[in-house]
Structures are given as C-alpha cells and as structure tokens.
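One-letter residues, chain by chain:
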Amino acid sequence: MAAQFTSPSDYDNDPAFVLHRGGKLEVRSTVPVRDADDLSLAYTPGVARVCTAIAERPELAHDYTWTSKVVAVVTDGTAVLGLGDIGPAASMPVMEGKALLFKQFADVDSVPIALDCTDTEAIIETVIRLAPSFGGINLEDISAPRCFEIEDRLRAALDIPVFHDDQHGTAIVALAALRNAARLIGKPLSDLRAVVAGAGASGVAVTRILLNAGIGDIAVSDSKGLIYAGRDGLNPIKQRLAADTNRAGLKGSTEEALRGADVFIGLSGSTVQESCVATMSDDAIVFALSNPTPEVHPEVARRHAKVVATGRSDFPNQINNVLAFPGIFRGALDVRAHSITEGMKLAAADALADVVGDDLSAEYVIPSPFDERVAPAVVAAVAAQARAEGVNRI
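Residues numbered from 1 in each chain as written. Predicted model: local features only at pLDDT ≥ 70, side-chain atom pairs only at ≥ 80, totals over all residues. Heavy atoms only, no water.

- Taking an unreviewed UniProt entry as the reference, the protein chain is identified by name as NAD-dependent malic enzyme belonging to Actinomadura craniellae.

See the structure below:
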C-alpha cells in the first residue's frame, strides 16, 4: 500500500486523502455559551447541582447527560475491511467513517475508539470500564473467533446494547434480501437449501439468523471444506454450527454442496467457478458478498441465477450493513433497551424487506442505503420489538 505514494504531494492528488485530511468528525455543543450566566449553568457552579443529583439517583444520567444516546464504536484493528490486521491507528479512518454513517443515516452520535490491545480479557475489561459513558457499544472489525467471546461476555456483563456489526449487520441485511428473493421465486424460506462459504464472524451470524428465520437446510464451509458433525479440528463455534446445520450430512467441498442448492452466500474471499453455479437449482439465488472481489462475478452468476447480490455499490442488490446498524441502534436507544435481542434483529430484517414492497424485481430485492424510508422503518420495528419483549426502559 505504501508503495503507491512516494511523496506527501501524492496524498494531495488523491481525493480520498483530501477528504480525510483532519478527520471526518468534530464535537459541537448543543447549548449556547454566550455570557457569564450561560457559563455558570453549563459549567460551574450550575453543573454541580446536576452532578449531585446524579450521584444520588444514577438513573438521572440518562436524562441529564448524553450517555443514553451515544454509541462507542470499538475496534482493536485486527480485521479491518479487506485489509486484515492493520492495527488501531490505521483502523481509525474506518471507525470515523462508521461514526459518520451513524449520524448521517439515523442521527446517532458515536465516538470511535481504537484500542491498542488484542488480548480478549484486556478488551473486555476496557470496554466494561468505558461503558458508563455510553448508551450502546458497537464492536467493529475484531477478528474471529475472539469476536464471538468478546461480544457474548460483554452482553452478559453490561446493561446496554452490545452489537458486533460485522456479524449481525451483515446477517440482518442478508436475511432481508433473501426474504425478498425467495418471494420473487415463489418459495418460502423453509423450502430453500442454502450453502454458506465462510465460517468467520459474518458467516456464522448469517447462518444463525437464517436458522432462526426458518431456512430449510443450510451447510457451511470453511477453508477445509464443509462443516459437519464429527469433523476433526472444529473449534467450539464450528462444533455448534455442525450440530445445528447440514441436516443432509454433506461432506466435501463448497462446490459439491452447490449441486441442486437454492442459495449460495459467499463470505469467504474464495472463488466459485461458473460451472459450479450452473449446477444449482432453477431460479437459484447467489449472494457473492466478499469485497472487493466477489466469489463469482455478478455478470457470470446472472447467467445461471435468478437473483444476484454483492457487497459492492456498483452492482444491483448491494448487501450493505449501513441499511441496518444505524436504525437498529436508534431504535434501541430510543426505548433505552438494555440489549439487542434476536427478535429485534429479525424485526429489523422484516422491516427492511418490507421497504421493497411491490417494486420487487431480480435487481431490486434490497433497498438503497439512500432510500429515506429505510432508517425510520428499522427504528420503528426495533423499538416495537424491544417493547414487546420487555427489554425497554421507557
């Protein structure tokens, strides 16, 4: 990457560097400080009265500070986009971008935090200590399999929403798109057999949400082939996957599993040959989601599949996390939910799918991130589901 730029002037000629100069975020006051009276209320002595009240009744912090409406965007820089383990400093442009998207798409304030540690215990302890300053925790770009334990333990330890977007954001949007793709081909989810390539953070989460949504059967593959009960060398996460998936007992490769399959979801960075896509069922559905290079080029996939989606913005049906995470946090924060449940994720997927409505077509199974109906629909569905499950505080 560094070899692309030989002098500082090269950065000034690249529009991405020009946009990022000085960062993409700032903090602005929500109250005026025009004179001594304003100052005495915003700071000392007036602030002391508010502090004293919160010390006596800690729940007042939700009303008299910003904590209940701000999210921490936390990373350790170990799995950043397609760049891998680039460290905390290099991850900051992505975390700033995440915070920008929170604000742009759902008016959620957030603070990017890049941690200079990769030890699981250290990350968990650090986030727990930071948590009193925030209303929610968005985990970002933390490598698997550590990300699963980190999220699970933080969810158990904290009474605010904890959400690993690399897992659940992708899963929610993929489910929404698959619901509409299934509607287009005239099959319920329960009649579909799916193959997921990739058993990392997003692959596991997509598989789990599809199981919860009632997919007919689903087989998952990793770098060693299909995951099945009894396969040697499975870590605990994959052992649980093996127990819950692949009812057909398939063994071998991803390509072998694709024969007659209705759905392929690629989250692995691997390559699937056109000849393998051609062996899928009639009206097949292909979600080739690896970025920047999909597992199979969408134009190639369309020769054999009814619906094709990618993670890229230059092709139809982009599976983009920004369709989910801003609205999910906005909905959770609005009702002061103490967690984001599986039911809330499913509700978000349903709401997102419903935005497409009667405009459904092979090239429109998921709305654009710039569709102004998206965030309000997701917010309302998530908030309503939180109240239905009793995880709300207001």
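So much for the structure itself; the text now carries on.
1. Thoughts on the overall build of the protein chain
Next, step 1: The helix and strand tally for the protein chain stands at 17 helices and ten strands.
Next, step 2: What you see for the protein chain is a C-alpha radius of gyration of 22 Å, in line with the 21 Å of a compact globule of 394 residues.
Next, step 3: Overall, the protein chain is about 75 × 55 × 45 Å in size when its C-alpha atoms are taken along their principal axes.
Next, step 4: Looking at the protein chain as a whole, 51% of its 394 residues qualify as buried.
Next, step 5: Sequence separation of at least 24 residues holds for 65% of the intrachain contacts in the protein chain that already meet a minimum separation of 6.
Next, step 6: When the accessible surface of the protein chain is summed, it comes to about 18,300 Å², and 52% of that surface belongs to carbon and sulfur atoms.
Next, step 7: For the protein chain, the separation between the mean place of its 35 positive charges and that of its 51 negative charges on side chains is 3 Å. (Helix = DSSP H or I, 4+ residues; strand = E, 2+ residues; numbered from the N terminus. Rg over C-alpha atoms; globule rule 2.2 N^0.38 Å. Buried < 20%, exposed > 50% of the residue type's maximum accessible area, 1.4 Å probe, protein only. Contact = heavy atoms within 4.5 Å. Areas by Shrake-Rupley, 256 points an atom, 1.4 Å probe, with all protein chains shown as cover. Lys, Arg positive; Asp, Glu negative; His and termini not counted. Charge placed at Lys NZ, Arg CZ, Asp CG, Glu CD.)

2. Section: the sheet that holds strand β5 (residues 193-197)
Next, step 1: Ordered by their spatial adjacency, six strands build an open sheet running β7-β6-β5-β8-β9-β10, and the pairing between neighbours is mixed. Edge positions in the sheet fall to β7 (225-226) and β10 (305-310), since each of these pairs with one other strand and no more.
Next, step 2: Where strand β8 (residues 263-266) lies against strand β9 (residues 284-288), four bridges are found, and the strand directions are parallel. Counterpart to G266 in the pairing with β9 is A288.
Next, step 3: Lying over the sheet, helix α9 (residues 165-185) contacts β8, β9 and β10, oriented at roughly 160° with respect to β9.
Next, step 4: Each of β5, β6 (217-222) and β8 touches helix α10 (residues 201-213); the most contacted strand, β6, lies at about 170° to it. (Pairing = 2+ DSSP bridges. Axes fitted to C-alpha atoms, helices over the stretch in contact; angles between N-to-C directions.)

3. A look at the sheet that holds strand β2 (residues 109-114)
Adjacent strands of a sheet pair through backbone hydrogen bonds, lying either parallel or antiparallel.
Next, step 1: Spatial strand order, β2-β1-β3-β4: four strands in an open sheet with parallel pairing. Bordering the open sheet on either side are β2 and β4 (162-164), each of which pairs with just one other strand. Strand after strand, the sheet turns through a mean of 20° between neighbouring axes, direction not considered.
Next, step 2: Relative to strand β3 (residues 136-139), strand β1 (residues 70-75) runs parallel, the two sharing four bridges. Looking at the pairing, V74 lines up with L139 of β3.
Next, step 3: On the sheet, helix α15 (residues 325-334) packs against β1, β3 and β4 and is oriented at approximately 160° with respect to β3.

4. A short note on the pattern of salt bridges
Next, step 1: Tallied over the full model, the rule gives 24 salt bridges.
Next, step 2: In this structure, the salt-bridge partner of R336 is D63, at a minimum N-O distance of 2.7 Å. Here R336, found in the loop between α15 and α16 (342-356), pairs with D63, found in helix α5 (residues 61-64); they are 273 residues apart in sequence, far enough to count as distant.
Next, step 3: When the shortest N-O distance is used, the salt bridge between E121 and R153 registers 2.7 Å. A residue pair is termed long-range when its members are at least 10 positions apart, and E121 in helix α7 (residues 120-130) and R153 in helix α8 (residues 146-157) qualify at 32 residues.
Next, step 4: Accessibility expressed as a relative area gives 32% for R153, which makes it partly exposed. (Salt bridge = Lys/Arg side-chain N within 4 Å of Asp/Glu carboxyl O.)

5. What to know about the packing of α10 against helix α11 (residues 236-244)
Next, step 1: α11 packs onto α10 with a crossing angle of 30° between their chain directions and a minimal axis gap of 12 Å. It follows from the interaxial angle that α10 and α11 lie roughly parallel. The interaxial crossing formed by α10 with α11 has left-handed handedness. Here V204, T207, R208 and L211 of α10 lie close against α11, whose contacting residues are I237, R240, L241 and D244.
Next, step 2: Taken together, the residues of the contact of α10 with α11 break down into four nonpolar, one polar and three charged. (Parallel < 35°, antiparallel > 145°, perpendicular 65-115°, else oblique. Left-handed = near helix turned anticlockwise from the far one by under 90°. Nonpolar A, V, L, I, M, F, W, Y, C, P; charged D, E, K, R; others polar.)

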